[in-house]
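# Examining the three-dimensional arrangement
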Amino acid sequence: YGGPHFLLPGFVIAAYITSSGKLTKAMPAAYWRAAEAYLRNHQQEDGGWGTHLESPSTMFCSALNYVALRLVGAPMDDAACVLGRTFLHKHGGCLYTAPWSKFWLAFLGVYDLRGIAPVPPELWLLPSWFPIHPGRFWCHCRMVYVPMCYLYGRRFAYDAAADPVTASLRKELYPPGVEYDKIDWHNHMFSIAEMDNYSPVHWVMKVLEKIFAIYEWTIGPFNFLREPAVRFVEEYMHSEDVETNYLTIGPVSKAFHILTSWVVAGGVTDPEVASSSKAYRAHLARIPAYSWIAEDGLKVQGYNGSMAWDTAFAVQAAAEGGLQKEFPEMCSKAWCWLAREQVRALPDGDWRHWRQPIRGGWGFSTAEQAWPVSDTTAEAFKAMLALRQDECVRGVSKFPDEHCYDSVQFLLSYQNADGGWATYENNRGWSWYELLNPACVFGSIMIDYSYVECSSSAIQALLEFNHQFPNHRPAEIKAAVQSGACFIEAMQRADGSWYGCWGNCFTYGCWFGIEGLVCAGRDPSSNSGIQHCVSFLLSKQNADGGWGEDFLSCFNREYTSRDKLYGCDGSSTVVCTAWALLGLMAGNCPDVAAVRKGIDFLMRKQLASGDWAQENICGVFNRSVGITYTAFRNVFPLWALGRFARVYGPRMGVK
């Protein structure tokens, strides 16, 4: 579960600072050599690094990965470093990298804090009812802001001048003739290369940031506000550490927490004592949970894995294909694992730290990470229900009815006022919060929006539960399902498609859109929305029988195909094809020949081993970042084949 190139550098920088440049104090030398291999392998011909595997070079990730390469030991005259510096200098140097890069560079001491948009911790002192409050932000945005504002509030910066490598970086990161000590940092607060400016900072946010800058650097900060704010943030970070077993919500916040745990423990004044602190040692111990070694080196995953997500889909694919009879032990083990990984913590939430109740949910990875998601919960719940009464799980594990009721409570409580379901939490803000998006490189990150995929999954899970437990909260479930279906219908585009926000891209969204409406009772033979989407999918089928989308579909929000997709030998991929087929078959597609042609494509693409080849990126987040799901290439083709063999084929009279 990898792909983004801005994750590993955060771990490198945090470890470098907290070990005073001696990385092997944090992790073994072999770890850093494998990380160096990854950094070298993903440098592009122009000298830069892309935001993700299929991205052209960006200043955002070129700055971070260049610095990481230097910190793990590459000398400045190394060919890769020379090429990387050429790219950076060509585009104005690190004065023009993205805000997240600037934060890491500032904490490393190779960029001045005055040159970044302020993140005052005092915002946490605002009353909870205040319209603009960080507690209302989307959790991934919020949980990155927490350690950022702590370090910024403490004016933390590594003593770069005393370290030969970082002292040299103060020169290397800027074009010839630009002297570090003479840079007008304030003037570069919003400087950014066009290649990074996917979501430009709005003038409203620029005005706010300039006001914050006056407070930070001219009239303040005021200790009577700063100190209680910083103390609250320290408490907040500790709560997050404990609740997630030192994993935190994701790899960006995790890297920051490695650094903040050391700073909180007194790392600036006594680094040896801080390096022995409980929190810091606990954070180092959880680094392997985010690490993934493959042929291209060691990378940091986009999460501590995608185990629950992948397993939930795999179990459903097996169940629909009737494979539990042929592989009972596999299905039993997977089902039991999901049963163990249901979140049982925080039944009442932790509202002081903006956590709503999460008991009954499933996280993307494991229960100990303690950030359950609506769609993972729904898909895992569907998997549990699919095999709950099957012979393969009889007597092997207990999953009490009360645990099913907890999942229903979780899903019902996560429905938003618009009828849809968001990801980790209910929506707490408003769409105008995007005017405050400071990141530049990501889109739609400020609040937790409702999504078609999450809503469809929740509808399907609630209805399957209602089928098995007809007397438990039936009226609430019925109302939630119909409201959710209306949301899905409202999100359909004029061309009949649904945009996929968490997969690449329209084939993914269309599958969920059709599946959700059919499960909610819409008749495929007469529902115009379903028929329109079926026509859309059929119009995108390639001559080889498959479907395929380039990542630009996500980035530009328009269906984009290519004659030869990244990592593929043609214009179709097995994952996109499987998604399209699942949607078409759910929508009772009358064009049997087109469906058969897609099925034939999947069968031709299967390898002699039974595997399907890894192809292009099939996952996405924040519209602009691609991410790989290595299990998808097997799970979804298998699911589509099973549905054709056992459901669609018999219904339509074909084999």
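Check the entry above for the structure.
Below you will find a few notes about this structure.

What counts and what doesn't
- Throughout, a residue's number is its position along its own chain's written sequence, starting from 1.
- pLDDT decides what is reported in this predicted model: residues at 70 or higher carry local features, side-chain atom pairs at 80 or more are listed and counted, and totals for whole chains, interfaces and linings draw on all residues regardless.
- Side-chain descriptors were evaluated using all non-hydrogen atoms of the structure, hydrogens and water having been removed beforehand.
- Helix and strand definitions follow DSSP, with helices as H or I runs of at least four residues and strands as E runs of at least two, each counted in order from the N terminus.
- In this treatment the radius of gyration is a C-alpha quantity, and the globule benchmark scales as 2.2 Å times the residue count to the 0.38 power.
- Each residue is placed in one exposure class: buried if its accessible area under a 1.4 Å probe, protein chains only, is under 20% of its type's maximum, exposed if it is over 50%, and partly exposed if it falls in between.
- The contact criterion used is simple: two residues touch if any of their non-hydrogen atoms lie within 4.5 Å.
- Every helix has an expected span of 1.5 Å times one less than the residues it contains.
- To form a nonpolar core, buried Ala, Val, Leu, Ile, Met, Phe, Trp, Tyr and Cys residues must be joined to one another through side-chain atoms within 4.5 Å.

### As for the overall build of the protein
Along the protein, the regular secondary structure elements total 24 helices and 6 strands. Its C-alpha atoms give the protein a radius of gyration of 25 Å, within 12% of the compact-globule value 26 Å for 655 residues. If one aligns the C-alpha atoms of the protein with their principal axes, the spans along those axes are about 75 × 50 × 45 Å. Within the span of the protein, comprising 655 residues, buried residues form 63% of the whole.

### Comments concerning unusual backbone geometry
That bond from G220 to P221 is cis: its omega, -5 degrees, falls within 30 degrees of zero. Here P221 shows up in the loop between helix 8 (203-219) and helix 9 (223-243). For the bond from N504 to C505, the omega torsion is -10 degrees, close enough to zero to count as cis. Look at S20: it is not a glycine, yet its phi comes out positive at around 55 degrees. Structurally, S20 is set in the loop between helix 1 (8-18) and helix 2 (29-41). Of the residues examined, S20 reaches a relative accessible area of 34% and is grouped as partly exposed. At R473, a position not held by glycine, the phi torsion is positive, near 55 degrees.

### Thoughts on the side chain of S168
Counting through the fold element by element, S168 comes out in helix 7 (residues 164-172). Overall, S168 belongs to the buried group, its relative accessible area being 17%. Not counting residues within four places of it along the chain, the set of residues in contact with S168 comprises R70 and M76.

### Let's talk about helix 10 (residues 251-264)
If you check helix 10, its first and last C-alpha atoms are 20 Å apart, about what 14 residues at 1.5 Å a residue would give, namely 20 Å. Just past helix 10, the residue G266 takes up positive phi, approximately 95 degrees.

### Description of the nonpolar core
Judged by nonpolar contacts, the single largest core of 223 residues is most densely connected at F6, W32, L108, L173 and L259. With sequence-adjacent residues up to four places away left out, L108 is seen in contact with I13, Y16, I17, V67, L71, Y158, A160, T166 and L169.

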